[in-house]
Each structure stands twice: as structure tokens, then as C-alpha cells.
Amino acid sequence: MRRKGRAAQFGWDLVTLLAAALFLLPVLWVVMSSFRPSPDVLGGPLLPTRLTLENYGSLARNAPFVTALQNSLLVGLCSALGALMLAVPTAYALTRLRFRGRELVGTLVLLTQMIPGIVIVIPLVVMMRSLGLTNSALGLILVHVVVSLPITVWLLRNYVEDVPVALEEAALVDGCTRLQSVSLVLLPLLYPAVAAVGTFAFVLSWGEYLLALSLTTTADHRTLPLAVQGLFSQFRQDWGLIMAGGVVIALPVALLFLLIRRFLVDGLVSGGVKG
Amino acid sequence: MRVTLARPPSTRGRPRGERALPYLLVLPTLVLIGALALLPLLYGVWLSFGRWDLLSGQGLRVGTLENYARLLQDSDFWRAFVRTLWWTLGTVAFQVIVGLGLALLLNRPTFVAEKVSALILLPWVTPFVVIVYAWLLLLDGSGGVTGRVLAALNLPPLSPLASPLSAFVTVTLISGWKGTPFMVIALLAALKSIPAELYEAARVDGATPGQALRFVTLPLLRNTLVVTGLILGILAFYNFDLPWLMTAGGPGEATTLIGVAIYQTFFIDVQPTYAAAMGTVMLLVLLVLALLSLRLRRAT
């Protein structure tokens, strides 16, 4: 009986691997194609016969792409930091403090999550233009902070809730001020969660397309998604280069996400999130 | 002195600084969300009642229903609306079917299932730009995988994106594929919470594995399917990135979803107030869906 069960599991494992390979084929194809000489990607043999790093080399020499990489790093890091600076105190207040309007604030933050980008992009562009914040890193950072704020607050709220209140109460009884109880007791316990949530905010900014597209008109201020799109129209045939650009965007996101997966999955499932 | 953090009876009677603290903590978040999400939202609705001809250089004049009168008669818009509904339905149907299959396969305590559960997230975490170019390459009618299959079958090198119906179906399926991992992780979480005793009891009662799936598993997954389907449906309904990057709304109007229509009306036709009116209609749909999802979430 047991042997039969093991054989069945093995069979299902095979089915699982096949299904996953089929499901992940496009992603695998990007990675594989990025290491092939460009002419081979479209038109060469189906499976690679020659591998090269040349696509990554020409990407590194592609000035607009390098600028975009720097912009994306700047915008992503700043907006993740900004989101955390706002989300940590908010999540703390929403879970640990009772105050009038708490429910309202919580609902408001949650509803912001559901506001579709395409609906607010028009008024946002009009507003940002009149403030002179289009084509500026600051403008995009502010907007990306708002994009990730609802989900960062929501996720952090779950983590704060998981820390027993008794720990902070004990610190208060021992004569700590509230600030001390938070910074000495609560925050150290939250560091892994804060890091995971900050990473998630970075990832959201890194791949964001619509707002970056709408708030940016000059090449100097483009972020990576726009730069990859630029590669496509600029060198229509250079598939190897485009695929290498795709890997540069997707790889850090995938690695970071796999790293913080355990922290995020539960919160995402209960919160729902922008894809 | 007794200090309670979690559920103090009320804020009254506490020192002033203590009473202001929660507001000071949430204020920055509220200001930013207010300024860059809620204000644009209201401003968009306000714009939708206005006339603003950017080309003639006249300023904004608000207080007209003409955008809505035009919208009601705009058959292009309503076709895009219906198209977006089909798109949403197709996307979610794909996610339910494929997501359920994958989740059932992955809900086994084997090494392979565990590793694949992590990797399966890749399409979901990969930005749309990359997904789009991956599929454009695969679907290329001459040298892509599609092209090779067609050549092997002695068929002409046609891309599925070349004709309106097949383009719509193809991009809808890709939309479903991109969001499926989210459905899978939600279903896996739900599957793991089903107590093993239920299956034990079903087996004792003589149920086959198929019957256990139908009468134990599926009914218990229903709530997750509905709530996750709704979230993914909302995301699909408002998607702009995929149809815009992949086909720019074409061929013809085949993949012009409302999101694409709004973008074109604003950035290409330069009719800000008319685009804002389209956005306001979408907002109404969102309102209905948001209320529905809040209600469902409360019910589960």
C-alpha cells in the first residue's frame, strides 16, 4: 500500500513538473534567449547551440538603458524608504492605539489600494504638470510611495498584530516611555517584516509602468520598464538585447520575491494586492 | 499605574500628548494618500463635468453634462466596455480553471511540489513589460515557437495577434496566465487549512478521491475562489499595461479595453475632460465591485 502511494506521488510529481515547465515556459524562454546571439533568437535553431554574454555587454553600453537603471534604483529605493517611514507609524497606530476615526482611516487606506491607476492618471498628470513635478524623480517617488502605501500598511498591520502586546506593556511598567517601548521592544521584533515589506515596495516601483509612462516625457527621466519598451521600438529586430533587458528587470524582482516569499504570501492572500 | 495599549477604553482623560499621538502617526500617510490618490480621484470627477479645449488654449470651464451626453451615444466606448467585461470574465475563468488544477497538484507534501510552489509565482512577480516581450517573441509567426509549429504543419506564418478575434482571445489568455499564480497561492492557503479528518471521514464513508474532491474540497474552496476571483477580476478590468504594450489596442479595436481607450483619449486625442468622464464611469463600476468585495470579505 505504502509503496503504491509513493509511486503515485512520484507520478504526480512528474505531472507537476511538466505542468510547471509549460506554465513557466515564457519566463524560461526570456532567460534562455538573453544568452543567445541575437540572430539566433528569432530564426535560429529552436534550442540554443551557441551561448553568449554579448547582449548584456551591449546593454551595459546602451546609454539610455544605463540611465534608466540608475533612475529605477533611485526611485525604487527612495519610494520604498518613504513608504516604510509612513507605513510603520501608521500600522502601529492602527493596531495598538484606540482613537476616534481609526476604523475610517483603516478603511480609507484599504480602499486606496483599489483605486485603479488608469482612472487617476489623468487628473494626476494635470496636477503634477502644474506643480512642475513631471519629469522629476521626486514626482515619481511620491506617486510610487502612494502606490505601495496601502499594501505596506496592510501587511505591517498583520505583523504588528502578531507581536504580543504584553511585551510592550511590560516595558511600560518597567518605566519605559512609549517611544522607548516601541523602539526598543517592538521595532527589533519587526525588522524582518519591515525589510520584507520595504522590499515589496521597491519591487512595486521597479516594475511600475503606467504612472512612469505618463509622468515622464524625456529620456533622462525614464525608468527601466520604459527603457525596455524603448529597446523594442528602437531596434525592432534585436530580440537578444530586449530579452537581456527583460532579465535585468525581472531577475532582481524574482530573487527578492523568493527571498521574502514566506513573509508576504499570507498577508497578500488576506489583503489582495495589485499585480 | 495601569497602561493598556491594545484596547484602552477611550482616549478621554489621558494626557493631551497621548491623545494626539495616533493622529500624528497617521497624518503623513493620510496627507499623501489624500493628495495623490483621493484628490486626483475627486478632481477627475470634477473634470468630467467640464470642457477643456487644450488646443485652442481656452481654460477649463466646469458645469456641463456634455461629456456624459456624448458618452451615452459613443458606441466605440460601449463596445470597449462590453469587450472589457468579456476580457475580465475570460481572465478569471482561466485563473479559476488553471489555478485550481495547479493548486491541487501542488498541495502535496513532496519536495517537487514544494519547490514548484515557489517558482510558480514567477509570472505574477515579473513586470508586465517583460511578460509582453516574452509572449511577443513566442507568438511571432515567422521565427517564434508559434511560427515553427505553423511551419511544421505546413501553414502560413501567421501570428495569432494578427486577426482581431484571435488577438483578443490570445491577450485575454495571457492576462489570465499572468494572474494565475495569485489564485494558486490563495487556493493553496485554503487547501492547507482543510482538516485531514474530513478526508478521513469521507474515505471511511466510502468516497472515491474524485468524490472527496467534489463533495469535500470544492465546497470548502468556494469562498476563496469567489473572493480571489473578484480581486483578480478587478485587476483585470482596469488593466492597461498588457493590452497597451502587447497590441496597443489593436488590431483595429480588438484589444481596446476601457483602460486603453481612456489613455488614448487623454494622451493621443488630447480630450482630458472626455477621458475623465470615461474614468468616472469606470469608477462607478469599481464602487460596485469594491462594496461587493468588502461584503464578501466580511462574510468569509
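Criteria and cut-off values
Residues numbered from 1 in each chain as written. Chains lettered and ligands numbered in written order. Predicted model: local features only at pLDDT ≥ 70, side-chain atom pairs only at ≥ 80, totals over all residues. Heavy atoms only, no water. Helix = DSSP H or I, 4+ residues; strand = E, 2+ residues; numbered from the N terminus. Buried < 20%, exposed > 50% of the residue type's maximum accessible area, 1.4 Å probe, protein only. Contact = heavy atoms within 4.5 Å. Areas by Shrake-Rupley, 256 points an atom, 1.4 Å probe, with all protein chains shown as cover. Lys, Arg positive; Asp, Glu negative; His and termini not counted. Charge placed at Lys NZ, Arg CZ, Asp CG, Glu CD. Phe/Tyr/Trp six-rings, centres within 6.5 Å; stacked < 30°, edge-to-face > 60°. Lys NZ or Arg CZ within 6 Å of the ring centre and 35° of its normal. Buried area = accessible area lost by both parts, 1.4 Å probe. Salt bridge = Lys/Arg side-chain N within 4 Å of Asp/Glu carboxyl O. Polar contact = N/O pair within 3.5 Å; in protein donor to acceptor, adjacent residues only side chain to side chain. Nonpolar A, V, L, I, M, F, W, Y, C, P; charged D, E, K, R; others polar. Core = buried A, V, L, I, M, F, W, Y, C linked by side-chain atoms within 4.5 Å.

## Here we look at the overall build of chain B
Part 1: Helices and strands together make up the secondary structure of chain B, namely 13 helices and two strands.
Part 2: Seen through its C-alpha atoms, chain B measures out along the principal axes to roughly 85 × 75 × 30 Å.
Part 3: Considering chain B as a whole, with its 300 residues, one finds that 52% of them fall into the buried category.
Part 4: Sequence-distant contacts in chain B: of pairs separated by 6 or more residues, those separated by 24 or more amount to 65%.
Part 5: Surface summary for chain B: the accessible area is close to 14400 Å², and the carbon and sulfur share equals 68%.
Part 6: Here chain B carries 22 positive and 13 negative side-chain charges, and the mean point of each set is 12 Å from the other.

## A short note on the environment of Gly249 of chain B
All names here are of chain B.
Part 1: In this structure, Gly249 sits in the loop between helix 11 (241-247) and helix 12 (258-268).
Part 2: Residue Gly249 is classed as buried on the basis of its relative accessible area of 0%.
Part 3: Residues Gly249 and Gln264, 15 residues apart in the sequence, show an inter-C-alpha distance of 9.4 Å.
Part 4: Among all residues touching Gly249, those that are not within four sequence positions of it are Pro243, Ala254, Thr255, Thr256 and Val260.

## Considering the packing of aromatic side chains
Part 1: One pass over the full model with this rule turns up 22 aromatic pairs over all chains.
Part 2: With a centroid separation of 6.0 Å and 90° between ring planes, the pair formed by Phe257 of chain A and Trp124 of chain B is classed as edge-to-face. Of this pair, Phe257 of chain A sits in helix 12 (residues 239-271) while Trp124 of chain B sits in helix 5 (residues 122-125), on two different chains. For the pair formed by Phe257 of chain A and Trp124 of chain B, the shared burial category is buried.
Part 3: Lying across the ring of Tyr274 of chain B, Arg70 of chain B places its NZ or CZ 3.6 Å from the centre.
Part 4: Over the face of the ring belonging to Phe128 of chain B we find Lys178 of chain B, whose NZ or CZ atom lies 4.6 Å from the ring centre.

## A few points about the interface of chain B and chain A
Part 1: Taken together, the 95 residues of chain B in the interface contact 91 residues of chain A.
Part 2: Counting each side, the surface lost to burial between chain B and chain A is near 8300 Å², with a carbon and sulfur contribution of 81%.
Part 3: At the boundary of chain B and chain A, one finds one salt bridge.
Part 4: We note a salt bridge from Arg108 of chain B to Asp13 of chain A, for which the minimum N-O separation is 3.0 Å.
Part 5: The interface formed by chain B and chain A includes nine residue pairs in polar contact (both at pLDDT 80 or more).
Part 6: Considering every element that reaches the side of chain B that touches chain A, the biggest residue donor is helix 1 (residues 16-48) of chain B, with 21 residues.
Part 7: Broken down by class, the residue content of the side of chain B that touches chain A amounts to 74 nonpolar, 13 polar and eight charged.

## Points about the nonpolar core
Part 1: By size, the foremost hydrophobic cluster in this structure holds 178 residues, and its most contacted members are Ile118 and Trp239 of chain A together with Tyr133, Phe240 and Met246 of chain B.
Part 2: The residues contacting Tyr133 of chain B, other than those within four sequence positions of it, are Val228, Gln229, Phe232, Trp239, Ile242 and Met243 of chain A together with Leu245 of chain B.

## What about unusual backbone geometry?
Residue and element names in this part refer to chain B.
Part 1: In the segment running from Gly250 into Pro251, the intervening peptide bond is cis, with an omega of -5°.
Part 2: Inspection of the secondary structure puts Pro251 in the loop between helix 11 and helix 12.
Part 3: A positive phi angle is found at Asn154, which is not glycine, with a value near 60°.
Part 4: Locating Asn154 in the fold gives a position in the loop between helix 7 (145-152) and helix 8 (164-192).
Part 5: Even without glycine at this site, Val270 takes up a positive phi of about 50°.
Part 6: Structurally, the position occupied by Val270 is in the loop between helix 12 and helix 13 (272-299).
Part 7: Overall, Val270 belongs to the partly exposed group, its relative accessible area being 29%.

## Comments concerning the environment of Ala196 of chain A
Residues and elements named next belong to chain A.
Part 1: Along the chain, Ala196 turns up in helix 9 (residues 178-207).
Part 2: Exposure remark for Ala196: the relative accessible area of 1% places this residue in the buried category.
Part 3: Ignoring sequence-local partners within four residues, the contact set of Ala196 consists of Ile260 and Phe263.

## Looking at the side chain of Thr29 of chain B
Part 1: Mapped onto the elements of the fold, Thr29 of chain B is located in helix 1.
Part 2: Separated by 3.1 Å, the side chain of Thr29 of chain B and the backbone oxygen of Leu86 of chain A make a polar contact.
Part 3: Thr29 of chain B has contacts with Leu86, Ala87, Thr90 and Leu149 of chain A, leaving out every residue within four places of it along the chain.

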